[in-house]
Amino acid sequence: MATTTTKHGETWDMISKRMYGDEHWMHRLIDANWLLRDTRIFSAGMKIVVPDLPEDAVVASTLPPWKRA
């Protein structure tokens, strides 16, 4: 499990896109940072826990859209 530091104006989906390459994993970020779940727009410098994705999810997210399950 890693951490990241937010940039001013980032949202959950933006952090997910930056960290996982896909904004659809933002629910994993929210689940891992439950106390911040009501935050819509982050200020700079907040530490966010970034959980690892399942091995098959990482592979699937790197495939082109037409090859994803």
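In the block above lies the structure referred to throughout.
Residues numbered from 1 in each chain as written. Predicted model: local features only at pLDDT ≥ 70, side-chain atom pairs only at ≥ 80, totals over all residues. Heavy atoms only, no water.

**Some details on the side chain of E10**
Then, number 1: Position of E10 relative to the elements: it lies in the loop between β1 (2-5) and α1 (12-20).
Then, number 2: Classification of E10 by relative accessible area gives buried; the value is 6%.
Then, number 3: Polar contacts involving the side chain of E10 include one to the side chain of R18, which spans 2.9 Å. (Helix = DSSP H or I, 4+ residues; strand = E, 2+ residues; numbered from the N terminus. Buried < 20%, exposed > 50% of the residue type's maximum accessible area, 1.4 Å probe, protein only. Polar contact = N/O pair within 3.5 Å; in protein donor to acceptor, adjacent residues only side chain to side chain.)

**Looking at the pairing of strand β2 (residues 47-50)**
Then, number 1: Burial of β2 is one-sided: the residues I48 and V50 facing one way are buried, the residues K47 and V49 facing the other way are not.
Then, number 2: Across four bridges, the pairing between β1 and β2 is antiparallel. Note on β2: the bridge partner recorded for T3 is V49. (Pairing = 2+ DSSP bridges.)

**Structural notes on the pattern of salt bridges**
Then, number 1: Considering all chains together, one arrives at one salt bridge under this definition.
Then, number 2: The residue E10 makes a salt bridge to R18 at a minimum N-O spacing of 2.9 Å. (Salt bridge = Lys/Arg side-chain N within 4 Å of Asp/Glu carboxyl O.)

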